[in-house]
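Understanding the architecture of this molecule
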Amino acid sequence: MSRTRTPVVANWFTGEGEGFRLLGTRCSACAAVFFPREDVHCRNPGCGGGDLAEAPLSRRGLVWSYTDGRYRPPEPYVSDPELPWRPYTLIAVELEAERMVVLGQAAPGVHVDDLEVGMEVEVVPGVLHEDGETTWTTWHWRPVGASA
Amino acid sequence: MDDLALAARGGERVTGEVAVLGAGMHPWGKWGRGFVEYGVVAARAALADAGVDWRSVGSVVGADTVRGGYPGYVAGATFARALGWQGARVSSVYAACASGAQAISTARTQILAGMADVVLVVGADAAPKGFFRPAGGDRPDDPDWLRFRVLGATNPAYFGLYARRRMAVHGDTLEDFAQVKVKNAASGALNEYARYRKPVTADEVAASAVVADPLRLLDICATSDGAAALVLSSMEFARRHGAPDPVRVRAVSTVTPTYPNTVLDLPDIATDSAAAVAPAGRTFRASIARAAYEEAGIGPEDVSLAEVYDLSTALELQWYEDLGLCGEGEGAKLLHDGATAPGGRVPVNSSGGLASFGEAVPAQAIAQVCELTWQLRGAAGARQVSGARVGVTANQGLFGHGSSVIAVR
Ligand SMILES: [Zn+2]
């Protein structure tokens, strides 16, 4: 049975392969960028408020910091308690154009020993987990030049 | 600095002081009982310390817990009922880790506004085992739910990110972090209210399991049961009550961040963007302390001791810098110089800190002020900081909360 691919959160990312992007929003009045997206109100306190239009974020950024999770996180993180816990890596990435830091899991196989602060990484499509009918998709950060 | 100098520098603000008449705590631990029981023990201890009859308290302010069901959301009334209804005005506040400080702020505001002469402040928690987790249900509009659902980002994950960043930017080492734990454990061993009362060596920190790289189990604070309470009053009431020279709360900072907030804070998945608006000159954490210093009319050079929120060992070093005890990136050097150790220029976490207590969220910021009170009275026993005249606390929690309290004598 083939599973349906469903984003873990709707409208946070789009595209495949090289065309994969995180989706934020940009205020038409003050040009402030938001991720996670703000769709109703601009949060710049000096802005009278403008329309918020969808804006893809930069594909690449520099590692601001990184860590990993050696212990199973609590729900609503989904993991199979029957299987041994496999640590995953988290990377906080500084996007130059947006001047913001965005957190994400690292692509599978990327460990803290593979990373350095300041290293260039790119956003790639990833799978968070699968259940009976659904493949829950997400974004991952991966060092530029690393193989998929 | 002496009283005259304090009065000269903050003269116009002396009328803004409230007296700390009493401080009390229930020991931190994992006791397996309810938060109300802990809170009442702390409240009774603070009332006894103050020599104040509960029935003459005009207002009770509870710091809420989100882990105790409805009674936790109305903590002020819960404690008032448990102590015996006596008609006092009641408030309950929640501000994540800063809940206790906001309870103190509420009490102080009521006293300074003339709405109450004597106010009881209580915070208590009964903590779960393991990681803190978000409230249940499917709530994709809640950042706290999202960071667990999408990233599995626990609180220690954020502490790990901050620690790694310090290592890269300032050259901090795992050994620096371990020394914070060694220092705080030594102080906690002397504190009857602390949960962990054993000295810890750097080797023991290094040998403990990695939780969130680069931090180990002994770098990260536990979650605990515990309770703390204060009896605050007007200076006029204190004089009439026979306490002409009490410890005084001189400032309570509860400021929010300034947009764009450029440090990744719990529980956020991203910072604000600084593309449209230039960020302020100082970070949120630094602005919390700055507001307290300004309100008190003093500076970091006047501080005798500090109680800071060492959710992790690395964060304690960050607080040294954000409190202005040293320059940016100089936290580890300040530690190694012994300035923040007992007997140093400005001992930090003489109580043992969160390293020795574990976090009991709504009680913790109140417990920080209890320690300042005992130190400023000269009643801290084996932990006493000699000549303590000015104490500062610092604290930060989820969703843009933070606090800093300055107490003087
Ligand atoms: Zn705007």
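These numbers were taken from a predicted model, which means no experiment stands behind them.

Some thoughts on the coordination of the zinc ion
Geometry reference: four tetrahedral donors at a metal, ideal angle 109.5 degrees. Six octahedral donors, ideal angles 90 or 180 degrees. Residues and elements named next belong to chain A. Every protein donor of the zinc ion is accounted for by C27 (SG), C30 (SG), C42 (SG) and C47 (SG), and the metal-donor separations fall at 2.3 Å. Coordination at the zinc ion is tetrahedral, judged from the four donor atoms that bind it and the angles of 103 to 116° they form at the metal. Considered as a linear motif, the donors of the zinc ion on their single chain read C-x2-C-x11-C-x4-C. With a gap of 15 residues between them, C27 in strand 3 (residues 21–27) and C42 in the loop between strand 4 (33–34) and strand 5 (52–56) connect regions that are remote in the sequence. Exposure remark for C27: the relative accessible area of 2% places this residue in the buried category.

Examining the packing of helix 8 (residues 174–188) of chain B against helix 12 (residues 313–322) of chain B
Residue and element names in this part refer to chain B. Remark: helix 8 packs on helix 12, axes separated minimally by 8 Å, with the N-to-C direction vectors making an angle of 90°. Relative to helix 12, the element helix 8 is oriented roughly perpendicular. Note on element contacts: helix 12 touches helix 8 through T313, A314, E316, L317 and Y320, opposite D176, F177, V180, K181, K183 and N184. Here the residues of the contact of helix 8 with helix 12 are counted per class, giving five nonpolar, two polar and four charged.

Here we look at helix 12 of chain B
Residues and elements named next belong to chain B. Counted residue by residue, helix 12 has 10 buried out of 10 residues, so it is predominantly covered. Of all the positions in helix 12, only T313, A314, L315, E316, L317, Q318, W319, Y320, E321 and D322 are classed as buried. N-cap assignment for helix 12: the residue whose side-chain oxygen lies 3.3 Å from the backbone N of A314 is S312.

With respect to the interface of chain B and chain A
With 39 residues of chain B at the contact, the number on the chain A side is 47 residues. The junction of chain B with chain A conceals about 3600 Å² of combined surface from both sides, 64% of it contributed by carbon and sulfur atoms. When residues of chain B are sorted by the area they lose upon contact with chain A, R149, L151 and Y259 of chain B head the list and together hold 19% of the total. At the surface where chain B touches chain A, the tally comes to one salt bridge. Between D272 of chain B and R43 of chain A there is a salt bridge; the shortest N-O distance is 3.0 Å.

Describing the pairing of strand 10 (residues 134–143) of chain A
Residues and elements named next belong to chain A. When you tally the buried positions in strand 10, you get nine out of 10 residues, the bulk of the element. Bridge count for strand 1 (residues 4–7) against strand 10 is four bridges, and the pairing is parallel. The partner of P7 across the bridge, within strand 10, is T137. The pairing of strand 8 (residues 100–106) with strand 10 spans two bridges and is classified as parallel. Note that in strand 10 the partner of Q105 across the bridge is H140.

Rules used throughout
- Residues numbered from 1 in each chain as written.
- Chains lettered and ligands numbered in written order.
- Predicted model: local features only at pLDDT ≥ 70, side-chain atom pairs only at ≥ 80, totals over all residues.
- Heavy atoms only, no water.
- Donors = N, O, S within 2.8 Å, 3.2 Å for Na, K, Ca; no water.
- Tetrahedral: all angles 85-135°; square planar, octahedral: opposite > 155°, others 65-115°.
- Helix = DSSP H or I, 4+ residues; strand = E, 2+ residues; numbered from the N terminus.
- Buried < 20%, exposed > 50% of the residue type's maximum accessible area, 1.4 Å probe, protein only.
- Axes fitted to C-alpha atoms, helices over the stretch in contact; angles between N-to-C directions.
- Parallel < 35°, antiparallel > 145°, perpendicular 65-115°, else oblique.
- Contact = heavy atoms within 4.5 Å.
- Nonpolar A, V, L, I, M, F, W, Y, C, P; charged D, E, K, R; others polar.
- Polar contact = N/O pair within 3.5 Å; in protein donor to acceptor, adjacent residues only side chain to side chain.
- Buried area = accessible area lost by both parts, 1.4 Å probe.
- Salt bridge = Lys/Arg side-chain N within 4 Å of Asp/Glu carboxyl O.
- Pairing = 2+ DSSP bridges.

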